[in-house]
Amino acid sequence: RPFHVEPTNIVSVTDDTQRVTDEASAMNKRIHYYSRLTSPTDRALIAPDHVLPAPDEIYVYSPLGTAFKVDSCTDGYGKNSSIVTIFMIWNTMMGTSILSIPWGIKQAGFTSGIILILLMGILTLYCCYRVVKSRKMIPLIDTSNWEFPDVCKYYFGSFGQWSSLLFSMISLVGAMVVYWVLMSNFLFNTGKFIYNFVHDINVTDIVPGTNGSNKVICPSAASGHPPQKTSLVFSSGNNTGFLLFEEWWNKSQTVPFYLVAVLLPLLNLKSPSFFAKFNVLGTVSVVYLVFLVTVKAARMGIHLEYNWFTENDFFVPEFRIQFPQLTGVLTLAFFIHNCVITLLQNNRNQENNVRDLSIAYFLVGLTYLYVGVIIFASFPSPPLSKECIEQNFLDNFPSDDIMSFVARIFMMTVYPLLGYLARVQLLRQLFGSAYPSVFHVLILNIAIVGAGVAIARFYPNIGGIIRYSGATCGLAFVFVYPSLIYVISLHRAGQLTWPALIIHIFIILLGLANLIAQFLL
């Protein structure tokens, strides 16, 4: 049964059964959300059997299409309990930003980094409140099935519609570029490890690092060396083959191109159902990263020294002028504003939405704080400097580190599904169909893949990519639109006060300053 079939034809709602009414309402909202992803003539999304939920078998959805079966966490009639709602929000917000939090703390300074994580969490949570309330502030219109882009269209017309599409695409394509860099990194390290193992090559990297079984390296310290000089080979035979391998297996010059042959065909598939099954690994990857951080910290110990304004050879000041680099990363790390309404609309007790959203944000902030603080504090200084913390902290572990190898595997699972969502959002708006033709889809995917290859080739810095894309899309969805909509709605209701106006203008200016600072520091 296609998703675009009229909801009234699916469930018969009777006046004498409130239970059926609740079930129909929850299911209709779910179907409405998925109907927005394709046109009525596009059968890429076909309703699975669980679209009509049985009392003992309930599914909930993340915005990326993963279905979670939660028999014991629902009321049996299509509504989610608070614990499921909180988990969905936490699961959706967790992404690649977590890999750059330790680097961001290093850029801002340890003390200021912790303070900024707390402040940005509070600020983005407040703006998220404004998003949730925005739909309810529209009078005399049924907005029960509206998402935040619909609210933007109501207040700002076609400009709001197309600008919200643009900034949504920036966040999606930015995430895909980050994943391309991560996948290139993973493929490079995997190929290097396998080649050395198969050919029984004993390689001593000239990259500075610690000794022992818990080796930590500083790749940025050797960034000035040409590729052919990055390794010293000790073997009894000719090393010509090894040098040839390093020439053709280069982290930025060759490996990003090899991924095209594998991923470009996958992006052209019509249905996302195969890839959606792997999206649940995103949750597993975050849990595994927390486990990895805990184990590594237990083995390396804590290495901290407080220098409030001065640097030395091994530690950074507690406050640094580069702190906007962390705020840019955090804007994307706490970004959920374009889909939070969808996540909350099936909460069993709607009066608990604010509470559940606050708890979810607290857990997200706690996860970021734990990973960022533990990696920064346990980084072995001395002998290495804290400046060695990479934009992807997994790069601080050598290619033969098994735990980081497993963590990199998890980063491979989401990319095709993100490509599908980017295709749906753009092509459906432009042509009325998520798959107008093979030619249209191929051109779009070539452009997206080309962007990933180009960035991986010339700017493989995921921290920079995250902060630029986060500050850009966050300016619209986090700072400007929620504040403007709130001010306009208060003005129309005759309830606007000077303090409210000044506070929300200040929030908009903060978002603008956050974006500008990314290009200055």
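Keep in mind the model is a prediction, meaning the values are calculated, not measured.

Conventions and cut-offs
- Residues numbered from 1 in each chain as written.
- Predicted model: local features only at pLDDT ≥ 70, side-chain atom pairs only at ≥ 80, totals over all residues.
- Heavy atoms only, no water.
- Helix = DSSP H or I, 4+ residues; strand = E, 2+ residues; numbered from the N terminus.
- Buried < 20%, exposed > 50% of the residue type's maximum accessible area, 1.4 Å probe, protein only.
- Contact = heavy atoms within 4.5 Å.
- Areas by Shrake-Rupley, 256 points an atom, 1.4 Å probe, with all protein chains shown as cover.
- Disulfide = S-S within 2.5 Å.
- Core = buried A, V, L, I, M, F, W, Y, C linked by side-chain atoms within 4.5 Å.
- Axes fitted to C-alpha atoms, helices over the stretch in contact; angles between N-to-C directions.
- Parallel < 35°, antiparallel > 145°, perpendicular 65-115°, else oblique.
- Left-handed = near helix turned anticlockwise from the far one by under 90°.
- Nonpolar A, V, L, I, M, F, W, Y, C, P; charged D, E, K, R; others polar.
- Patch = residues over 30% accessible without salt bridge, like charges linked within 9 Å, V, L, I, M, F, W, Y side chains within 5 Å.
- Salt bridge = Lys/Arg side-chain N within 4 Å of Asp/Glu carboxyl O.
- pLDDT = per-residue confidence, 0-100.
- Phe/Tyr/Trp six-rings, centres within 6.5 Å; stacked < 30°, edge-to-face > 60°.
- Lys NZ or Arg CZ within 6 Å of the ring centre and 35° of its normal.

(A) Summary view of the overall build of the protein. Within the protein one finds 17 helices and four strands. For the protein, buried positions account for 55% of its 521 residues. Taking the intrachain contacts of the protein between residues at least 6 apart in sequence as the baseline, contacts between residues at least 24 apart amount to 78%. If you sum the accessible surface of the protein, you get close to 22,900 Å²; carbon and sulfur atoms cover 65% of it.

(B) Quick look at the side chain of aspartate 401. Following the sequence through the fold, aspartate 401 ends up in the loop between α12 (353–378) and α13 (402–410). Assessed through its relative accessible area of 10%, aspartate 401 is described here as buried.

(C) Layout of the state of the cysteines. Within the structure shown, the criterion is met by one disulfide. Across the disulfide from cysteine 218 sits cysteine 388; the S-S distance is 2.1 Å. Classification of the bridge connecting cysteine 218 and cysteine 388 rests on its S-S torsion, roughly -80°, and on that basis the disulfide is left-handed. Remark: cysteine 388 occurs in the loop between α12 and α13 and cysteine 218 occurs in the loop between β3 (202–205) and β4 (231–234); sequence separation between them is 170 residues. Just as cysteine 218 is buried, cysteine 388 falls in that class too. Sulfur of cysteine 128: no disulfide; nearest cysteine sulfur belongs to cysteine 339 and is 8.5 Å away. A residue is classified by how much of its surface remains accessible, and cysteine 128, at 0% relative accessible area, is buried.

(D) Helix α3 (residues 101–108), seen in detail. Burial within α3 is extensive, with eight of its eight residues counted as buried. Inspection of α3 places Ile101, Pro102, Trp103, Gly104, Ile105, Lys106, Gln107 and Ala108 among the buried residues, and these make up the whole buried set. Residues of α3 that are buried sit in contact with α4 (110–134), α10 (324–333), α12 and α16 (462–492). Directly beyond the C-terminal end of α3, a positive phi value near 100° is found at glycine 109.

(E) Fine view of the nonpolar core. Grouped together as the largest cluster of nonpolar side chains are 123 residues, with contacts concentrated most on Phe393 and Tyr415. Broken down by element, this core gets its largest block of residues, 16 residues, from helix α5 (residues 148–198). Apart from the residues lying within four places of it in its own chain, the contact partners of tyrosine 415 are Met176, Tyr179, Trp180, Met183, Leu263, Leu267, Ile448 and Val449. Of all hydrophobic cores here, the second largest spans six residues; its members include Phe188, Phe242, Trp249 and Val255.

(F) The arrangement of unusual backbone geometry in detail. Cis peptide bonds are those with omega within 30 degrees of zero, and the linkage from serine 381 to proline 382 qualifies with -15°. Considering the arrangement of structural elements, one finds proline 382 in the loop between α12 and α13. Of note, the amide linkage connecting proline 382 to proline 383 takes the cis form, showing an omega dihedral of 15°. In this fold, proline 383 is placed in the loop between α12 and α13.

(G) Examining the environment of isoleucine 83 more closely. Within the secondary structure, isoleucine 83 sits in helix α2 (residues 82–93). Take isoleucine 83: its relative accessible area is 55%, and that puts it in the exposed class. The spatial distance from the C-alpha of isoleucine 83 to the C-alpha of isoleucine 359 is 9.7 Å, given a sequence separation of 276 residues.

(H) Main features of the packing of α4 against α12. Contact pair α4 / α12: the axes reach a minimum separation of 10 Å and the direction vectors enclose 160°. Of the possible angle classes, the one that applies to α4 and α12 is roughly antiparallel. As for the relative orientation of α4 and α12, their crossing is right-handed in sense. On α12, the residues that touch Phe110, Ile114, Ile117, Leu118, Gly121, Thr124, Leu125, Cys128, Tyr129, Val132 and Lys133 of α4 are Val354, Leu357, Ser358, Tyr361, Gly365, Leu369, Val373 and Phe376. Residue composition of the contact of α4 with α12, grouped by class: 14 nonpolar, four polar and one charged.

(I) Up close: a nonpolar patch on the surface. Taken together, the side chains of Ile321, Phe323, Ile505, Leu509, Leu512, Ile516, Leu520 and Leu521 define a hydrophobic patch exposed on the protein surface, amounting to about 750 Å² of accessible area. Relative to the assigned elements, isoleucine 516 resides in helix α17 (residues 498–520). A residue is classified by how much of its surface remains accessible, and isoleucine 516, at 43% relative accessible area, is partly exposed.

(J) Inspection of the environment of tryptophan 162 at higher detail. Following the sequence through the fold, tryptophan 162 ends up in helix α5. By relative accessible area, tryptophan 162 is classed as partly exposed at 38%. Tryptophan 162 sits 267 residues away from glutamine 429 along the chain, and the two C-alpha atoms are 8.8 Å apart. Ignoring sequence-local partners within four residues, the contact set of tryptophan 162 consists of Gln429 and Leu430.

(K) Fine view of the confidence of the model for the protein. Residues of the protein with pLDDT of at least 70 account for 77%, and the chain-wide mean is 79. With pLDDT under 50 throughout, residues 37–74 is counted as low confidence; its partners more than four residues away or in other chains account for 108 contacts. For the stretch residues 224–237, pLDDT sits under 50, and the model shows 26 contacts to residues farther than four places along the chain or on other chains.

(L) Representation of the packing of aromatic side chains within the structure. For the coordinates displayed, the defined rule picks out 20 aromatic pairs. When the ring of tyrosine 195 is compared with that of phenylalanine 245, the centres are 4.0 Å apart and the planes differ by 5°; the resulting orientation is stacked. Taken as a pair, tyrosine 195 in helix α5 and phenylalanine 245 in helix α6 (residues 240–248) lie far apart in primary sequence, 50 residues in all. Exposure remark for phenylalanine 245: the relative accessible area of 16% places this residue in the buried category. Ring pairing ties together the aromatic residues Trp146, Phe148, Tyr154, Tyr155, Phe156, Phe335, Phe477 and Tyr481, which thus form one cluster. Here the guanidinium or amino end of arginine 130 rests over the ring plane of tyrosine 486, the centre of that ring lying 3.9 Å away. The ring of phenylalanine 376 has lysine 386 lying over it, and the distance from NZ or CZ to the ring centre is 4.9 Å.

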